[in-house]
Amino acid sequence: MADMTPPPGAAAFLDAHGWGGAQILPVAGDASFRRYFRAVLGDQRAILMDAPPPHEDPRPFIAIAQWLVAHGFAAPEILASDLTHGLVLLEDFGDDRLREAVDAAPADELSLYMPAIDLLVRLRTQPAGPVPPYDRAVLKREAALFVEWYCPAVGIAPDLAGWDAAWEAVFDHAVPETPVTVLRDYHAENLMLVGSERSLGLLDFQDALAGHPAYDLVSLLQDARRDVDPAVEAAMLAHYRAAADAGFDAGEDFMNAYHVLGAQRNAKILGIFTRLWKRDEKPHYATMCPRVWRYLERDLAQPVMAPVATWFAANIPADRRGDPMARGA
């Protein structure tokens, strides 16, 4: 359990920016070193982000938030910051997440997801923001987390040369000629329903890169934290592609990119969730791996993924696929 004691200097920071005397209440965090608190002063609410250096740097979050707002997207307003101590005071979007809205009304899943798809259509129409490229080197480095963490945890010494060659054979599909801003952690737990109109508010975008627009669709529709029915995934992809018709191509090449990036992301997540268990003592992430495997195997079944699927068939037996805590040798 993360320590949710307010960071040193939090009270002084709030006091310096007009929030003196505010209550500081813990808010659920994430898998990183970042922690979040809610500052409550009378009827005012704000979110205090604790992004302690050297582990975290809040500057990318601030820069991307400002870019998103400037381009008409709902990111939190930056109310104050202390970059030396990694403290940022943000607009509070509340607690109404898309995740809980869908869980409470499963029959409304399609209608709840559509605005999130429409937002990605809008995001694709914008030039890429001031972020680094999501290029082959990054894709390769991320995919390698699978062989670095998952394979040893389940007692497998994989064919590393074959791994690299298999991904090299498909990564051409995943690097677009015209990159767009890719938020990278775009899923139901990071999408807030804000205000009476329940418009979408964006969170957790500090790792944004300039890459393929299919990536955020994968993040949303192959959600590692909740089951997305294949029929819902198919319907939302059809909605995206129909909305895209007037402005850009979303044909076979786009779907090839979707499955390559789906496999890459899911392989990466299996590595990250295993690392969170083994290194960071957060075993609940390992229990989500069976869901991620189901997504990965759906992507591997696509013709474009044949080289990588062949590697998985040769290296990862069925009895080593699942929760790494239960599948170890």
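The structure reproduced in this document is the subject of the present report. (Residues numbered from 1 in each chain as written. Predicted model: local features only at pLDDT ≥ 70, side-chain atom pairs only at ≥ 80, totals over all residues. Heavy atoms only, no water.)

Some thoughts on the state of the cysteines
Working step 1: All chains considered together, the criterion is met by 0 disulfides.
Working step 2: Looking at Cys151, it has no disulfide partner, and the nearest cysteine sulfur is the one in Cys289, 12 Å off. (Disulfide = S-S within 2.5 Å.)

Topic: the sheet that holds strand E4 (residues 78-82)
Working step 1: Within the open sheet, the 5 strands sit side by side as E1-E2-E3-E5-E4. Their pairing is antiparallel. The two strands at the open ends of the sheet, each matched to only one other strand, are strand E1 (23-27) and E4. On average, adjacent strands in this sheet sit at an angle of 25° to one another, irrespective of strand direction.
Working step 2: The sheet contact formed by strand E2 (residues 35-41) and strand E3 (residues 44-50) spans 7 bridges and is antiparallel. When the sheet's bridge partners are listed, Phe37 is paired in E3 with Leu48.
Working step 3: Sheet strands touched by helix H2 (residues 59-70): E3, E4 and strand E5 (87-91). Its angle to E4, the strand with the most contacts, is close to 160°. (Pairing = 2+ DSSP bridges. Helix = DSSP H or I, 4+ residues; strand = E, 2+ residues; numbered from the N terminus. Axes fitted to C-alpha atoms, helices over the stretch in contact; angles between N-to-C directions. Contact = heavy atoms within 4.5 Å.)

Some thoughts on helix H5 (residues 136-153)
Working step 1: Here H5 contains 18 residues, and its C-alpha end-to-end distance of 26 Å stays within 8% of the 26 Å for a straight helix at 1.5 Å per residue.
Working step 2: If you check which residues of H5 are buried, you get Val138, Leu139, Glu142, Ala143, Ala144, Leu145, Phe146, Val147, Tyr150, Cys151 and Ala153.
Working step 3: Considering only its buried residues, H5 is in contact with helix H6 (160-168), strand E9 (209-211), helix H9 (252-278), helix H10 (289-300), helix H11 (306-315) and helix H12 (324-327).
Working step 4: Residue Gly155 follows H5 closely and has a positive phi angle near 75°. (Expected span 1.5 Å × (residues − 1). Buried < 20%, exposed > 50% of the residue type's maximum accessible area, 1.4 Å probe, protein only.)

A look at the packing of aromatic side chains
Working step 1: Throughout the structure, instances matching the rule amount to 15 aromatic pairs.
Working step 2: Here the aromatic rings of Tyr150 and Trp293 are separated by 5.6 Å at their centres, their planes lie at 65°, and the arrangement is edge-to-face. With Tyr150 in helix H5 and Trp293 in helix H10, the pair connects residues that are 143 residues apart, well separated along the chain. Across this residue pair, the class does not change: Tyr150 and Trp293 are buried. (Phe/Tyr/Trp six-rings, centres within 6.5 Å; stacked < 30°, edge-to-face > 60°.)

Some points on the packing of H6 against H11
Working step 1: Axis separation between H6 and H11 bottoms out at 7 Å; the angle between their running directions is 155°. Classed by the angle they form, the pair H6 and H11 counts as roughly antiparallel. The way H6 lies across H11 gives a crossing that is left-handed. Contacts between H6 and H11 pair Gly162, Trp163, Ala166 and Trp167 from the former with Pro307, Val308, Trp311 and Phe312 from the latter. (Parallel < 35°, antiparallel > 145°, perpendicular 65-115°, else oblique. Left-handed = near helix turned anticlockwise from the far one by under 90°.)

Overview of the nonpolar core
Working step 1: Core analysis: the biggest nonpolar cluster contains 96 residues, and Leu68, Phe146, Trp167, Tyr186 and Phe312 have the highest contact counts within it.
Working step 2: At 12 residues, H9 tops the list of elements feeding residues into this core.
Working step 3: By size, the runner-up hydrophobic cluster in this structure holds 12 residues, among which are Ala10, Phe37, Leu48 and Leu87. (Core = buried A, V, L, I, M, F, W, Y, C linked by side-chain atoms within 4.5 Å.)

Details of the side chain of Asp323
Working step 1: On the secondary structure map, Asp323 appears in the loop between H11 and H12.
Working step 2: At 2.8 Å, the side chain of Asp323 and the backbone nitrogen of Met325 are in polar contact. (Polar contact = N/O pair within 3.5 Å; in protein donor to acceptor, adjacent residues only side chain to side chain.)

Let's talk about the pattern of salt bridges
Working step 1: By the definition in use, this model includes 24 salt bridges.
Working step 2: Between Glu56 and Arg34 there is a salt bridge, with the nearest N and O atoms lying 3.1 Å from each other. Of the two residues, Glu56 sits in the loop between E3 and H2 while Arg34 sits in the loop between E1 and E2, which places them 22 residues apart along the sequence.
Working step 3: Note on Glu56: relative accessible area 15%, which makes it buried.
Working step 4: You can call Arg34 buried: its relative accessible area is 9%.
Working step 5: Residue Arg97 pairs with Glu189 through a salt bridge whose shortest N-O separation is 3.8 Å. One end of the pair, Arg97, is in the loop between E5 and helix H3 (98-104); the other, Glu189, is in the loop between strand E6 (180-182) and strand E7 (191-194), and 92 residues separate them in sequence.
Working step 6: We classify Arg97 as partly exposed; its relative accessible area is 23%.
Working step 7: Residues joined in a network through salt bridges with shared partners are Arg97, Arg99, Glu100, Asp103, Glu109, Glu189 and Arg226. (Salt bridge = Lys/Arg side-chain N within 4 Å of Asp/Glu carboxyl O.)

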